[in-house]
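Listed here are the chains, written in short residue letters.
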Amino acid sequence: KPDLYVLSIGVSRYQDTRNDLKFASIDARAIRDAFARQGQLFNQIRYKLITDFEATKDNILDGLDWIDRQTTQRDLAVIFVSGHGINHERGGYYFLPHDTDLRSLRRTGVKWLEFQDVVTNLPGKVLLLADTCHSGDIVGKTRQALGHDITAAIKSITAQGTGQVIMAASTGSTPSFEHPSWGNGAFTKAVVEGIDGQADYDHDGIVYIRELDLYVTKRVKALTNGEQKPTTIIPELVQDFAVGTSLN
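Below, the structure is looked at part by part.

Procedures and definitions
Residues numbered from 1 in each chain as written. Predicted model: local features only at pLDDT ≥ 70, side-chain atom pairs only at ≥ 80, totals over all residues. Heavy atoms only, no water. Helix = DSSP H or I, 4+ residues; strand = E, 2+ residues; numbered from the N terminus. Buried < 20%, exposed > 50% of the residue type's maximum accessible area, 1.4 Å probe, protein only. Contact = heavy atoms within 4.5 Å. Phe/Tyr/Trp six-rings, centres within 6.5 Å; stacked < 30°, edge-to-face > 60°. Core = buried A, V, L, I, M, F, W, Y, C linked by side-chain atoms within 4.5 Å. Pairing = 2+ DSSP bridges. Axes fitted to C-alpha atoms, helices over the stretch in contact; angles between N-to-C directions. Parallel < 35°, antiparallel > 145°, perpendicular 65-115°, else oblique. Polar contact = N/O pair within 3.5 Å; in protein donor to acceptor, adjacent residues only side chain to side chain.

1. Quick look at the side chain of Ser8
Part 1: Tracing the backbone shows Ser8 in strand β1 (residues 4-10).
Part 2: A relative accessible area of 0% places Ser8 in the buried class.
Part 3: In this view, Ser8 contacts Ala28, Ile31, Arg32, Lys48, Leu49, Ile50 and Phe80; residues no more than four positions away in its chain are not counted.

2. What about the packing of aromatic side chains?
Part 1: Applying the stated criterion to the full structure yields four aromatic pairs.
Part 2: Consider the rings of Phe95 and Phe115, whose centres lie 6.2 Å apart with planes at 85°: the pair is edge-to-face. Highlighted residues: Phe95 in strand β5 (residues 93-95) and Phe115 in helix α4 (residues 112-121), separated in sequence by 20 residues.
Part 3: Through a chain of ring-to-ring contacts, the aromatic side chains of Tyr93, Phe95, Trp112 and Phe115 assemble into a single cluster.

3. Some words on the nonpolar core
Part 1: Counting residues in each nonpolar core, the largest one holds 36 residues, and the members touching the most others are Phe35, Leu127 and Leu129.
Part 2: Elements with a minimum of two residues in this core: β1, α1 (24-36), β3 (76-82), β7 (125-131), β8 (164-168), α7 (186-198), β11 (206-208) and α8 (209-223).
Part 3: Counting residues in each nonpolar core, the second largest holds 31 residues, with Leu7, Ile79, Tyr94 and Phe95 among its members.

4. Points about the sheet that holds strand β2 (residues 45-51)
Part 1: The strand order β2-β1-β3-β7-β8-β12 describes an open sheet built from six strands, whose pairing is mixed. Whereas interior strands pair on both sides, the edge strands pair on one side only; in this sheet they are β2 and β12 (231-233). Across the sheet, the mean angle separating the axes of adjacent strands is 10° when strand polarity is ignored.
Part 2: Across five bridges, the pairing between β7 and β8 is parallel. Residue Leu129 lies in a different strand from β8, and its bridge partner there is Met167.
Part 3: Across the sheet, helix α2 (residues 57-70) touches β1, β2 and β3, and the angle it forms with β1 is around 170°.

5. Quick notes on the packing of α1 against α7
Between two packed helices, the angle of one axis relative to the other and the distance separating the axes together describe the packing.
Part 1: At their nearest, the axes of α1 and α7 sit 10 Å apart, and the two run at 10° to each other. As the angle between them shows, α1 and α7 are arranged roughly parallel. Across the interface between the two elements, Asp27, Ala30, Ile31, Ala34 and Phe35 of α1 pack against Thr188, Val191, Val192, Ile195 and Asp196 of α7.

6. Points about the pairing of β7
Part 1: Counting buried residues in β7 gives six out of seven residues, a clear majority hidden from the surface.
Part 2: Where β3 and β7 come together, seven bridges link them in parallel fashion. Looking at β7, one finds that Ile79 is bridged to Leu128.

7. Considerations on the side chain of Arg32
Part 1: With respect to the helices and strands, the residue Arg32 is situated in helix α1.
Part 2: Arg32 sits in the buried class, given a relative accessible area of 17%.
Part 3: A polar contact of 2.6 Å, which involves the side chain of Arg32, links it to the side chain of Asp33.
Part 4: Beyond its immediate sequence surroundings of up to four residues, Arg32 is in contact with Ser8, Tyr47 and Leu49.

Next up, the structure:
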């Protein structure tokens, strides 16, 4: 059995409280917990959870260093990131940590290149789950001026990578929704349900990544009445691999 390493990052609370979200940190815990339940599939499961006030730029970079150091070619590495993400006016996508200062984004934001560098160089199977296009406003006109489209950032990984699976909650101009009745964002709710067995379409007891992709696409569409459109990129050379089980 392979080992599983999970880095789960969620920022609901920002120093500038006008940027706060409701469920990003809850989603990070839900993803961590969902994978922690998959002990039948993995030899050992190690995780690092970074949320809210702990989700500083330095701690996020330390988390990326941790998963980079730990993962071997036999393992599965999962990176989940939820919160605000925006494009800098001079190019480049940034994830916003708790302590971001939008007036000094280059100094206080986490440039997507940091994620890209780790994801494309991890030796084993890699699953990146990105939920950074939330419908919550980013202060004033900054959101409109900078934009929040992660599409180019994802393409930068697939252009350099050799076998990373990327699941994005939304791309382009479509937002990512969260609602109290779900207890999570729509994307996370669908991912957790799928991993826990609802994506086991062939009823063999194992949830494979392509089954999870199909389930998440259908479930998010149903939850949001088609307003949120998740996107998954699975390179052709990547063999189907297990991410969950319905046997728990």
